[in-house]
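Below are the chains, spelled out letter by letter.
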Amino acid sequence: MRILVVEDEHKIANSLKKGLEQENYAVDVAYESTTGLDLALAEEYDLLILDRMLPGMDGLEICKKLREEIITSQF
């Protein structure tokens, strides 16, 4: 299973990554919302963990943009 963590707090992101990797998950981390969105659009992930309070674009905005992209790419 491949997971993307989008979290601007480095300690939290790295702790999540370490814990998930100990459970044998493949984990990528983005510390900025735009990087997280770019990774989510470019790669295939089974799960996204999004911080709700990211600077710039919060986790809900990332989720909305991903859903819009999926819907428009299906047509």
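Residues numbered from 1 in each chain as written. Predicted model: local features only at pLDDT ≥ 70, side-chain atom pairs only at ≥ 80, totals over all residues. Heavy atoms only, no water.

Trainee: Any details on the sheet that holds strand β1 (residues 2-6)? Residues and values, ideally.
Mentor: To summarise the sheet geometry, strands pair through backbone hydrogen bonds and adopt either a parallel or an antiparallel arrangement. Here we have three strands laid out as an open sheet, ordered β2-β1-β3, and parallel in their pairing. With partners counted over all chains shown, the strands left at the sheet margins are β2 (26-30) and β3 (47-50), one partner each. Pairwise comparison of adjacent strand axes, ignoring direction, gives a mean angle of 15° for this sheet. Of the strand pairs in this sheet, β1 and β2 are connected by five bridges, and their pairing is parallel. Bridging from a neighbouring strand, I3 pairs with V27 of β2. Together, β1, β2 and β3 form the strand contacts of helix α1 (residues 10-22), whose direction differs from that of β2 by roughly 170°. Each of β1, β2 and β3 is contacted by helix α2 (residues 33-42), which is oriented at about 160° to β1, the strand it contacts most. (Pairing = 2+ DSSP bridges. Helix = DSSP H or I, 4+ residues; strand = E, 2+ residues; numbered from the N terminus. Axes fitted to C-alpha atoms, helices over the stretch in contact; angles between N-to-C directions. Contact = heavy atoms within 4.5 Å.)

Trainee: Could you give an account of the pattern of salt bridges, with specific residues and numbers?
Mentor: The full count for this structure, using the stated rule, is three salt bridges. A salt bridge links D28 to R2, with the shortest nitrogen-to-oxygen separation between them at 2.9 Å. Placement of the pair is D28 in strand β2 and R2 in strand β1, with a sequence separation of 26 residues. Residue class for R2 comes out partly exposed when judged on its relative accessible area of 28%. What emerges from the salt-bridge pattern is a single network uniting R2, D28 and E43. (Salt bridge = Lys/Arg side-chain N within 4 Å of Asp/Glu carboxyl O. Buried < 20%, exposed > 50% of the residue type's maximum accessible area, 1.4 Å probe, protein only.)

Trainee: I'd like to hear about the nonpolar core, residue by residue, with values.
Mentor: In this structure, L4, V6, A30, L37, A40, Y45, L54, M57, I62 and L66 together form the largest nonpolar core, which totals 10 residues. Secondary structure elements with two or more residues in this core: β1, α2 and α3 (59-74). Leaving out residues up to four positions away in the same chain, M57 has contacts with S33, T34, L37, I62 and K65. (Core = buried A, V, L, I, M, F, W, Y, C linked by side-chain atoms within 4.5 Å.)

The values reported here are purely geometric and, on their own, carry no functional implication.
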